[in-house]
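# Coordinate analysis (summary)
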Amino acid sequence: MIHTLDQKALAGLLERPKLRRLLDAMNGEGEETRIVGGAVRNALLGRPVMEVDCATTASPDGIMERAHRAGFKSVPTGIDHGTITVIVEGEPFEVTTLREDVETDGRYAVVCFGRDFEADALRRDFTINALSLGLNGRLYDYTDGVADLAARRVRFIGDAHIRIREDFLRILRFFRFYAEYAENGPDPEGLVAAGAERAGLAILSRERIRHELLKLLVARRAQDTVQILAEHGFLTWILDGAAEFGRFERIASAPDRSADPVERLAALAIMTEEDAERLRERLRLSNDEQRRLAAYAELLASLKSSSLPLDATAIRRLVAEHGVETVSLVLSATAGEPRPTLEKGAPEALIRFRSGAEPLPVFPLRGADLVERGIPKGPKIGELLAQGRRIWLAEGCPADEAYAKALLGRVFAQA
Ligand code: ATP
Ligand code: MG
């Protein structure tokens, strides 16, 4: 199906006052600056445009000088490859000197600065990513990107094999952009080339793989795309392990969940507690990301090990122990599986916690309560609190003050 593209949105882009000021400062006196890449693509699709990147004939020094003259702050964020971030009234824009590849090795490109917009377009990855928009409103399309955008096709610019060998990350980018923008199946030439060049993925840095994978997992057609990755032998390699499609699908299609890449990764790839550690290594996850995967793994293991159906009190206990987000994630992911099962009242209890209608259970004792009663500071306090916490969890995490007082008495009695 051919879609009509949103030409008006292109004009709208040029009317953004800050962008306009930037373009005015960066154009003229022999230099040309255009909006490039994702901003032009998304405007034509009628999608929100978050970041605006510009390409320019001006040198990096030239960009900074013009920014300075116009009173904008500029930061040389990627000076080696010619990128200066120019900040116009608080909004950052990446302005990059036009480039051409001199040498590529599958990971990094040695580039030289150029003055040719067409050459700059041709070194980009996909036709839909190579459009540029001039200050005068003219749309430049050197690669038939407009036709592919209208047909919702993601195609490599030039020979897919050659383009992948220049930078193997483009294999994952092919699937990531497919997942976000395409209709119908993947472009056959791109798919065949991706499969044939697959071994090259191994030379990429884990950070770059992580970045593309996490974006792919929250893309519009993430579910289909993950299947395609699996069918063509990519997924096991990326995850270095097995995938749980049913859980991924439940999480990706749950109307009450926001598109969170770490949640999606957990649902897809975490089956045991070791998986969390392996994925941290494999994808160089942050401590916080790893902690979330490990929390998912721990709760999953505990729920799978018991056949007791969960009632509202069990939900309360789980929320106290694992946090409401982890509980709701694992229960959504495993919905319909033989374990865990929920009794009447349990889903409602979870909804009350998630919505804030019922306050989250908080363990009522503090170390200070015991110190006040004369127990000396030290490891004993920690032990007693842990004991108290076990009792409190087992008794359903009561929240009333009378209970807290009685519990303190019981804990103290054991000291
Ligand atoms: P998004 O909205 O997801 O950020 P984007 O188009 O801005 O989409 P980026 O990954 O930010 O995508 O890259 C910006 C542009 O740089 C792309 O549109 C593409 O033209 C070019 N590009 C980025 N990475 C590569 C690559 N590995 N090979 C070739 N061109 C690339
Ligand atoms: Mg971008």
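What you see is a predicted model; the values in this text were computed from it and never measured.

### A look at the site of ligand 1
Around ligand 1, a shell composed of 13 residues is seen, among which R41, D167, R170, R173 and R176 lie nearest. Within the side chain of R173, one N or O atom sits 2.8 Å away from an oxygen atom of ligand 1. Take K215: an N or O atom from its side chain is 3.2 Å from an oxygen atom of ligand 1. Protein burial of ligand 1: of its 590 Å² of free accessible surface, 75% is covered by the chains. Residue assignment for the shell around ligand 1 shows that the elements contributing at least two residues are α3 (38–45) and α8 (169–181). In terms of residue count, α8 provides more of the shell around ligand 1 than any other element does, four residues in total.

### Description of a negative patch on the surface
A surface patch of negative charge is lined by E273, E274, E298 and E321. Here E321 is to be found in helix α17 (residues 312–322).

### Things to note about the packing of helix α15 (residues 273–283) against helix α16 (residues 287–304)
Orientation of α15 relative to α16, taken along the N-to-C sense of each, is 165 degrees, at an axis distance of 8 Å. On the basis of their axis angle, the class for α15 and α16 is roughly antiparallel. Between α15 and α16 lies a crossing of right-handed hand. On the side of α15, the interface is formed by E273, A276, E277, L279 and R280, while α16 contributes N287, Q290, L293, A294, A297, E298 and A301.

### Here we look at unusual backbone geometry
Cis geometry marks the peptide bond from R339 to P340; its omega dihedral reads -10 degrees. Structurally, P340 is set in the loop between α18 (324–333) and α19 (346–355). The phi torsion at E29 lies on the positive side, around 50 degrees, for a residue other than glycine. Note on placement: E29 falls in the loop between α2 (17–26) and β1 (33–36). The exposed category is assigned to E29, whose relative accessible area is 67%. Notably, C397 is not glycine yet its phi reads approximately 55 degrees, a positive angle.

### Re the packing of helix α10 (residues 206–217) against α15
With their axes 7 Å apart at the nearest point, α10 and α15 run at an angle of 110 degrees to one another. Relative to α15, the element α10 is oriented roughly perpendicular. Only E281, R282 and L283 of α15 make contact with α10, whose side of the interface consists of R206, I209, R210 and L213. Among the residues making up the contact of α10 with α15, the classes are represented as three nonpolar, no polar and four charged.

### Re the domain arrangement of the chain
By the assigned domains, the chain splits into domain 1 (1–151) and domain 2 (367–413). A straight line from the C-alpha centre of domain 1 to that of domain 2 covers 61 Å.

### Observations regarding the packing of aromatic side chains
Across all of its chains, the model carries nine aromatic pairs by this definition. Centre to centre, the rings of Y140 and Y142 are 6.4 Å apart; their planes meet at 20 degrees, and the pair counts as stacked. Consider the rings of F177 and Y181, whose centres lie 6.1 Å apart with planes at 15 degrees: the pair is stacked. One end of the pair, F177, and the other, Y181, are both in helix α8, four residues apart, so they sit about a helical turn from each other. Given the relative accessible area of 10%, Y181 is considered buried. Feature note: the residues F126, F156, F174, F175, F177, Y181 and F234 constitute an aromatic cluster, connected by ring pairs. Its guanidinium or amino end placed over the ring of F117, R34 lies 3.7 Å from that ring's centre, counting from NZ or CZ.

### Observations regarding the pairing of strand β5 (residues 91–97)
Regular strands have side chains that alternate between both faces of the sheet. The pairing of strand β2 (residues 53–56) with β5 spans four bridges and is classified as parallel. Residue pairing for β5: A55 is matched across the bridge by T96. Sheet analysis places strand β4 (residues 83–88) next to β5, joined by six bridges and oriented antiparallel. Its bridge partner being in β5, V88 is matched across the sheet by E91. As consecutive antiparallel partners, β4 and β5 are separated by two residues, and within that stretch E89 has a phi angle of approximately 45 degrees, a positive value.

### Observations concerning α19
Of the residues making up α19, those classed as buried are A346, A349, L350 and F353. Looking straight down α19, one finds that the buried residues subtend no more than 95 degrees of arc, so they occupy a single side. Every exposed residue of α19 that faces more than 90 degrees away from the buried side is listed here: I351 and S355. Residues of α19 that are buried in the fold lie against α17 and α18. Positive backbone phi, approximately 85 degrees, marks G356, located one or two places after α19.

### Structural notes on the side chain of H322
Position of H322 among the secondary structure elements: in helix α17. Once you skip the residues sitting within four places of it in the chain, H322 turns out to touch E298, L299 and V327.

Reading the values: the criteria
Residues numbered from 1 in each chain as written. Chains lettered and ligands numbered in written order. Predicted model: local features only at pLDDT ≥ 70, side-chain atom pairs only at ≥ 80, totals over all residues. Heavy atoms only, no water. Near = heavy atom within 4 Å. Polar contact = N/O pair within 3.5 Å; in protein donor to acceptor, adjacent residues only side chain to side chain. Areas by Shrake-Rupley, 256 points an atom, 1.4 Å probe, with all protein chains shown as cover. Helix = DSSP H or I, 4+ residues; strand = E, 2+ residues; numbered from the N terminus. Patch = residues over 30% accessible without salt bridge, like charges linked within 9 Å, V, L, I, M, F, W, Y side chains within 5 Å. Salt bridge = Lys/Arg side-chain N within 4 Å of Asp/Glu carboxyl O. Lys, Arg positive; Asp, Glu negative; His and termini not counted. Charge placed at Lys NZ, Arg CZ, Asp CG, Glu CD. Axes fitted to C-alpha atoms, helices over the stretch in contact; angles between N-to-C directions. Parallel < 35°, antiparallel > 145°, perpendicular 65-115°, else oblique. Left-handed = near helix turned anticlockwise from the far one by under 90°. Contact = heavy atoms within 4.5 Å. Buried < 20%, exposed > 50% of the residue type's maximum accessible area, 1.4 Å probe, protein only. Nonpolar A, V, L, I, M, F, W, Y, C, P; charged D, E, K, R; others polar. Domains from an automatic or database assignment. Phe/Tyr/Trp six-rings, centres within 6.5 Å; stacked < 30°, edge-to-face > 60°. Lys NZ or Arg CZ within 6 Å of the ring centre and 35° of its normal. Pairing = 2+ DSSP bridges. Arc of directions from axis to C-beta.

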